[in-house]
Amino acid sequence: MIARSDSWDIRIHRAKELARKIPATQEILRFYVKLLESQKQIDEFLRSRANWLPSGKLGDDLPVLRACFPALLHMVETNGPLALAEEAALLLEARNEIIEEMLLSYWQSPSDAQFFAKAFLQPYARWLADSGGRPIDKSFDNKENRCPFCGGMPQVSFLQITDNTSESGNRHLICATCLTDWKFRRVVCAYCGEERPFKLGYFHTPEYDHVRVEACDTCKRYIKGVDLTRLGLANPLVDEVAAAALDVWAKEHNYIKIEMNLVGL
Ligand SMILES: [Zn+2]
Ligand SMILES: [Zn+2]
């Protein structure tokens, strides 16, 4: 796992910086900044509980986690795109059990269509990992392209030099559910495992030289990859969101994203 270079503050800082630099994605990034700030609050709330660590059994941890629901929902109601804002308003009226059911079902089988559950549980799952716990109430297959900690799908791929033997960098995937990362082979589809180079395509625009679409012509899926060897200042999760133009391109070419990000791209 990479060092604490992936803290919430670093993500927030990078998202603000890119919002200033890239007018085309300003609106998306401004919402993403607010979202990251809400997730940071959840993270801080959980980390600051006296004599409490997440058990890894989500049902048992919900009584603590539920205190975090209103703040994130209010934020989305105020700042989110219309459909999410309306859903947030409904959830603010709903009983806690409704939200808790939603989280428990997401926990067992995560889906990128479940915005609220994904947003709530990322800081929880990450703190579970950082605090030495593990998800004890869910079973998942150990597959190379799934998160070894929680079984989640990869959100983004990144290249980073982690040892002296590889000048072009080692490839890692970041989990969409718990935000930890794991090492992954370089020339392999992160969805179906295709490894024949002529089936794998890489596309980027001059605008985002360090971000590329990593597409597979066998399963027609793609993931975006962030090359930290080209731009060390980049943050994989945030630069992935900012390079929204590449998602438009991939969609136009009939590629399906392995996992949509929190801004729905
Ligand atoms: Zn995970
Ligand atoms: Zn594939």
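Described in the following lines is the structure provided in the data block. Predicted, not measured: the structure shown is a model, and the values here were computed from it. Counting starts from 1 at the beginning of each chain's written sequence and moves along it residue by residue. Working convention: letters from A go to chains and numbers from 1 go to ligands, in the order in which they are written. Owing to the predicted nature of the model, reporting of local features is limited to residues with pLDDT of at least 70; listing and counting of side-chain atom pairs is limited to 80 or more, with chain, interface and lining totals taken over all residues. For side-chain calculations, the full set of non-hydrogen atoms in the structure is used, while hydrogens and water are omitted.

1. Some thoughts on the coordination of the zinc ion (ligand 2)
Nitrogen, oxygen and sulfur within 2.8 Å of a metal are treated as its donors, or within 3.2 Å for sodium, potassium and calcium (Na, K, Ca); water is not counted, so a site can appear incomplete. Protein ligation of the zinc ion (ligand 2) involves Cys189 (SG), Cys192 (SG), Cys216 (SG) and Cys219 (SG), the donor distances falling in the range 2.2 to 2.4 Å. For a four-donor site, all angles between 85 and 135 degrees give tetrahedral; for four or six donors, opposite pairs above 155 degrees with the remaining angles between 65 and 115 give square planar or octahedral; all remaining cases count as irregular. Taken together, the 4 donor atoms coordinating the zinc ion (ligand 2) span angles of 107 to 113° at the metal, a pattern that classifies the geometry as tetrahedral. The sequence pattern describing where the donors of the zinc ion (ligand 2) fall on their chain is C-x2-C-x23-C-x2-C. Of this pair, Cys189 sits in the loop between β3 (181-184) and β4 (200-203) while Cys216 sits in strand β5 (residues 211-216), and the two are 27 residues apart along the sequence. The buried category is assigned to Cys189, whose relative accessible area is 5%. The buried label goes to any residue with under 20% of its type's maximum accessible area, the exposed label to any with over 50%, and the partly exposed label to all in between, with areas taken from a 1.4 Å probe on protein chains only. Given the relative accessible area of 1%, Cys216 is considered buried. Put simply, DSSP marks the helices as runs of H or I at least four residues long and the strands as runs of E at least two long, and each gets a number from the N terminus on.

2. Let's talk about the coordination of the zinc ion (ligand 1)
Taken together, the protein donors to the zinc ion (ligand 1) comprise Cys147 (SG), Cys150 (SG), Cys175 (SG) and Cys178 (SG), at separations of 2.2 to 2.3 Å. If you look at the zinc ion (ligand 1), its 4 donor atoms make angles of 99 to 119° with each other, and the shape they trace is tetrahedral. Within one chain, the residues serving as donors to the zinc ion (ligand 1) are arranged as C-x2-C-x24-C-x2-C.

3. Focus on the environment of Phe158
Its place among the elements puts Phe158 in strand β1 (residues 154-160). Through-space distance from the C-alpha of Phe158 to that of Phe116 is 25 Å; in sequence the pair is 42 residues apart.

4. A closer look at helix α5 (residues 82-93)
Relative to the 16 Å expected for 12 residues at 1.5 Å per residue, α5 spans 17 Å between its end C-alpha atoms, a close match to the ideal helical length. Looking only at α5, the buried set comprises Leu84, Ala85, Ala88 and Leu91. Around the axis of α5, the buried residues are gathered within 125° of arc, so they sit on the same side. Facing away from the buried side of α5, by more than 90 degrees, are the exposed residues Leu82, Ala83, Leu90 and Glu93. By definition in these notes, contact holds between two residues if any of their heavy atoms fall within 4.5 Å. Against the buried residues of α5 lie α2 (26-47), α4 (69-79), α6 (96-108) and α7 (115-130). Multiplying 1.5 Å by the residue count of a helix minus one yields the expected span of that helix. Note that the arc is defined by the directions from the helix axis to the C-beta atoms.

5. Things to note about the pattern of salt bridges
Any carboxyl oxygen of Asp or Glu that lies within 4 Å of a side-chain nitrogen of Lys or Arg is treated as forming a salt bridge with it. Within this structure, the stated rule accounts for 24 salt bridges. Measuring nitrogen to oxygen at the nearest pair gives 2.9 Å for the salt bridge that ties Arg47 to Asp130. Here Arg47, found in helix α2, pairs with Asp130, found in helix α7; they are 83 residues apart in sequence, far enough to count as distant. A salt bridge links Arg212 to Glu214; its shortest N-O distance comes to 3.0 Å. Looking at Glu214, the relative accessible area reads 7%, which means it is buried. A network of salt bridges, in which partner residues are shared, links Arg14, Glu17, Lys21 and Asp239.

6. A look at the packing of aromatic side chains
Stacked, tilted and edge-to-face pairs are distinguished by plane angle, under 30 degrees for stacked and over 60 for edge-to-face with tilted covering the rest, among Phe, Tyr and Trp rings (Trp via its six-membered ring) whose centres lie within 6.5 Å. Within the structure shown, the criterion is met by 6 aromatic pairs. Each ring, one from Phe115 and one from Phe116, has its centre 4.9 Å from the other, and the planes form 85°; the classification is edge-to-face. The rings of Phe31, Phe115 and Phe116 are connected pair by pair, giving a single aromatic cluster. Directly above the aromatic system of Trp8 lies the positively charged group of Arg11, at a separation of 4.5 Å from the ring centroid. A positively charged side chain is recorded as over a ring if its NZ (Lys) or CZ (Arg) lies within 6 Å of the ring centre. The angle to the ring normal must also be within 35 degrees.

7. What to know about the packing of α4 against α7
In the contact formed by α4 and α7, the axes pass within 11 Å of each other and the chain directions differ by 130°. Comparing their axes, α7 and α4 come out oblique. Between α4 and α7 the crossing geometry is right-handed. Here α4 contributes Phe69, Leu72, Leu73 and Val76 to the contact with α7, which in turn contributes Phe115, Phe116, Ala119 and Phe120. The nonpolar class holds Ala, Val, Leu, Ile, Met, Phe, Trp, Tyr, Cys and Pro. Asp, Glu, Lys and Arg form the charged class, and all remaining residues, Gly among them, are polar. When grouped by side-chain class, the residues that make up the contact of α4 with α7 number 8 nonpolar, no polar and no charged. For helices, the fitted line uses only the C-alpha atoms of the stretch in contact; every axis is such a line through C-alpha atoms, and the angle between N-to-C directions lies from 0 to 180 degrees. For classification, angles of less than 35 degrees are called roughly parallel, those exceeding 145 degrees roughly antiparallel, those between 65 and 115 degrees roughly perpendicular, and all remaining angles oblique. With the far helix as reference, a near helix turned anticlockwise by less than a right angle produces a left-handed crossing, and one turned clockwise produces a right-handed crossing.

8. Remarks on the nonpolar core
The biggest cluster of nonpolar side chains holds 77 residues, and the ones touching the most others in it are Leu65, Leu103, Phe115, Phe116 and Phe120. If you tally residues by element for this core, the top one is α7, at 11 residues. Residues contacting Phe120, with those up to four places away along its chain left out, are Ile42, Cys68, Phe69, Leu72, Leu73, Ile99 and Leu103. Working definition of a nonpolar core: buried Ala, Val, Leu, Ile, Met, Phe, Trp, Tyr and Cys residues. They are joined through side-chain atoms within 4.5 Å.

9. What to know about the environment of Lys251
Topologically, Lys251 is positioned in helix α9 (residues 244-252). Taking the C-alpha atoms as reference points, Lys251 and Leu265, separated by 14 residues in sequence, lie 9.9 Å from one another.

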